Amino acid sequence: MASPYRNFRPFFFGVFAVAVCWFAPAALKRCSYESFQDFSAPAFLATSHAKDLARYWGLRSRTKHELIEAGRDAERTAATMQLEMQTATALREENRRLEKLLSLPSRPDVRTVVARVARREVGLWWQQLVIRRGKADGIRVGAPVVDAGGVVGRVREVYHFTSVVELISSPSFRISAYIEGSDYPVTFRGAGSGPFSSPFGMIRDIPSDFPAKFERDPAIVTTGVGGVFPGGLRLGTMRGGMRPTDDGLFFEARVALRPGLAAVEEVAVLVPVKTDPTEYNEWEAAAP
């Protein structure tokens, strides 16, 4: 005769597993989570590499005329980038000279680590990407993640071969910003995005005497305060005008982010160049 409790065995097992996870020490939970991430990483990394391989063979099937046109476009882009690099080098040297004259603390040097996106987790619950770079490449928690369009996000978790990037559309992402044409800092935070809506954010703490009308929608850029994100990086564009906050002391406004923010395929992680390992802790602590 079958036991009347046989059908309840999966339920009892689930309750037992939840209880074990709930009362387990925090260190054990963290170790188990990191081990699971490193264990599952090869699966989605292999999928990502397979997509890159399929794209490669797709490009190999192009005609000679298409390749010639693509080469010409690449040459024009390379020439433009060389000019931009020369201008950036001149500006960097000028900044260093002014910092020395004014006895200002210099900004930390950073190196760029280019990473491919392996997985996207964008929806109502998650606003994050998984990239194919990790501790083995020197990635640190809190490192800025950018691309040609501006700020993409911030590194939130780092594992041996992969890292989790929190997008700027995440509600937990906050950063000091400027409204284009002003020097008064405001607070930017992500506001999420849905499967059928574009990502957006909000800016708060706009002073009440700030001009309410603009000739065009102004851009929102980083201030560089805190030494984590460089100044002048684009976050988005203010849309819909400003409205007063609940207390009436400040204004707030909606910020439209890039529609293809979650569809980026390659990003650059800005990792600080430090000679003293203890300085990493100070740099990571500066990231909200």
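Residues numbered from 1 in each chain as written. Predicted model: local features only at pLDDT ≥ 70, side-chain atom pairs only at ≥ 80, totals over all residues. Heavy atoms only, no water.

Points about the overall build of the protein
In step 1: Check the secondary structure of the protein and you find 4 helices and 12 strands.
In step 2: Of the contacts made within the protein by residues no fewer than 6 positions apart, 58% connect residues no fewer than 24 positions apart.
In step 3: Of the roughly 18,700 Å² of accessible surface on the protein, a fraction of 60% belongs to carbon and sulfur atoms. (Helix = DSSP H or I, 4+ residues; strand = E, 2+ residues; numbered from the N terminus. Contact = heavy atoms within 4.5 Å. Areas by Shrake-Rupley, 256 points an atom, 1.4 Å probe, with all protein chains shown as cover.)

Points about the nonpolar core
In step 1: Counting 38 residues, the largest nonpolar core has Val152, Phe188, Ile203, Ile206, Ile220 and Val269 as its most contacted members.
In step 2: Take this core: its biggest share by element is 4 residues, from strand β4 (residues 150-158).
In step 3: In this structure, valine 152 is in contact with Leu129, Val145, Val146, Asp147, Glu166, Leu167, Ile168, Arg258, Leu261, Val264 and Val267, ignoring residues within four places of it in sequence. (Core = buried A, V, L, I, M, F, W, Y, C linked by side-chain atoms within 4.5 Å. Buried < 20%, exposed > 50% of the residue type's maximum accessible area, 1.4 Å probe, protein only.)

A look at a nonpolar patch on the surface
In step 1: There is a patch of nonpolar side chains on the surface, built from Leu53, Tyr56 and Trp57 and spanning about 350 Å² of accessible area.
In step 2: Within the secondary structure layout, tryptophan 57 lies in helix α2 (residues 26-60). (Patch = residues over 30% accessible without salt bridge, like charges linked within 9 Å, V, L, I, M, F, W, Y side chains within 5 Å. Salt bridge = Lys/Arg side-chain N within 4 Å of Asp/Glu carboxyl O.)

Digging into the packing of aromatic side chains
In step 1: Tallied over the full model, the rule gives 2 aromatic pairs.
In step 2: Residues phenylalanine 173 and phenylalanine 188 carry aromatic rings whose centres are separated by 6.4 Å and whose planes lie at 75 degrees to one another, so their mutual orientation is edge-to-face. Here phenylalanine 173, found in the loop between β5 (163-167) and β6 (174-179), pairs with phenylalanine 188, found in strand β7 (residues 185-190); they are 15 residues apart in sequence, far enough to count as distant. Phenylalanine 188 carries the same exposure label as phenylalanine 173, and that label is buried.
In step 3: Counting every residue linked through ring pairs, the aromatic cluster contains Phe173, Phe188 and Phe229.
In step 4: The ring of phenylalanine 200 carries arginine 254 above its face, with NZ or CZ at 3.7 Å from the centroid. (Phe/Tyr/Trp six-rings, centres within 6.5 Å; stacked < 30°, edge-to-face > 60°. Lys NZ or Arg CZ within 6 Å of the ring centre and 35° of its normal.)

Considerations on the pairing of β7
Here is the key point about a regular strand: its side chains alternate between the two faces of the sheet.
In step 1: The pairing of β6 with β7 spans 5 bridges and is antiparallel. Note that in β7 the partner of isoleucine 175 across the bridge is phenylalanine 188.
In step 2: Counting the residues that bridge the hairpin from β6 to β7 gives 5 residues, and of these glycine 181 lies at a positive phi of roughly 95 degrees.
In step 3: Here β7 runs beside strand β8 (residues 200-207); their pairing, made up of 4 bridges, is antiparallel. (Pairing = 2+ DSSP bridges.)

Comments concerning the environment of tyrosine 159
In step 1: When you line up the elements, tyrosine 159 lands in the loop between β4 and β5.
In step 2: Using a relative accessible area of 1% as the deciding quantity, one classes tyrosine 159 as buried.
In step 3: In the structure, tyrosine 159 is positioned 26 residues away from arginine 133 in sequence and 8.5 Å away in space, judged by C-alpha atoms.
In step 4: Side chain to side chain, tyrosine 159 and glutamate 157 meet in a polar contact 2.5 Å long. (Polar contact = N/O pair within 3.5 Å; in protein donor to acceptor, adjacent residues only side chain to side chain.)

A short note on the confidence of the model for the protein
In step 1: A residue-level look at the protein finds 75% of positions with pLDDT of 70 or above and a mean pLDDT of 78.
In step 2: Within the protein, no element has a lower average pLDDT than helix α4 (residues 278-285), which sits at 51, and none a higher one than β5, at 93. (pLDDT = per-residue confidence, 0-100.)

Some details on the sheet that holds strand β12 (residues 266-272)
In step 1: Pairing is antiparallel in the closed barrel, where 6 strands are placed in the order β1-β2-β5-β4-β3-β12. The average angle at which neighbouring strand axes cross in this sheet is 45 degrees, direction not considered.
In step 2: Pairing of β4 with β5, which is carried by 5 bridges, proceeds in the antiparallel orientation. Paired with glutamate 157 across the strands is valine 164, a residue of β5. (Axes fitted to C-alpha atoms, helices over the stretch in contact; angles between N-to-C directions.)

A short note on the sheet that holds strand β9 (residues 219-222)
Whenever strands of a sheet pair, they do so through backbone hydrogen bonds, lying parallel or antiparallel.
In step 1: Strand order in the closed barrel formed by 6 strands is β6-β7-β8-β11-β10-β9, with antiparallel pairing between adjacent strands. Geometrically, the sheet is characterised by an average inter-axis angle of 40 degrees between neighbouring strands, direction not taken into account.
In step 2: Bridging between β8 and strand β11 (residues 250-256) involves 6 bridges; their strand directions are antiparallel. Within the sheet, the bridge partner assigned to isoleucine 203 lies in β11 and is alanine 253.

Considerations on the pairing of β9
In step 1: Burial along β9 is two-sided: Ala219 and Val221 and Ile220 and Thr222, pointing in opposite directions, are all buried.
In step 2: Note that β6 and β9 share 3 bridges and pair antiparallel. Of the residues in β9, the one forming a bridge with tyrosine 178 is valine 221.
In step 3: Bridge analysis of β9 against strand β10 (residues 234-244) gives 3 bridges, and the strand direction is antiparallel. Directly across from alanine 219, in β10, lies its bridge partner threonine 237.

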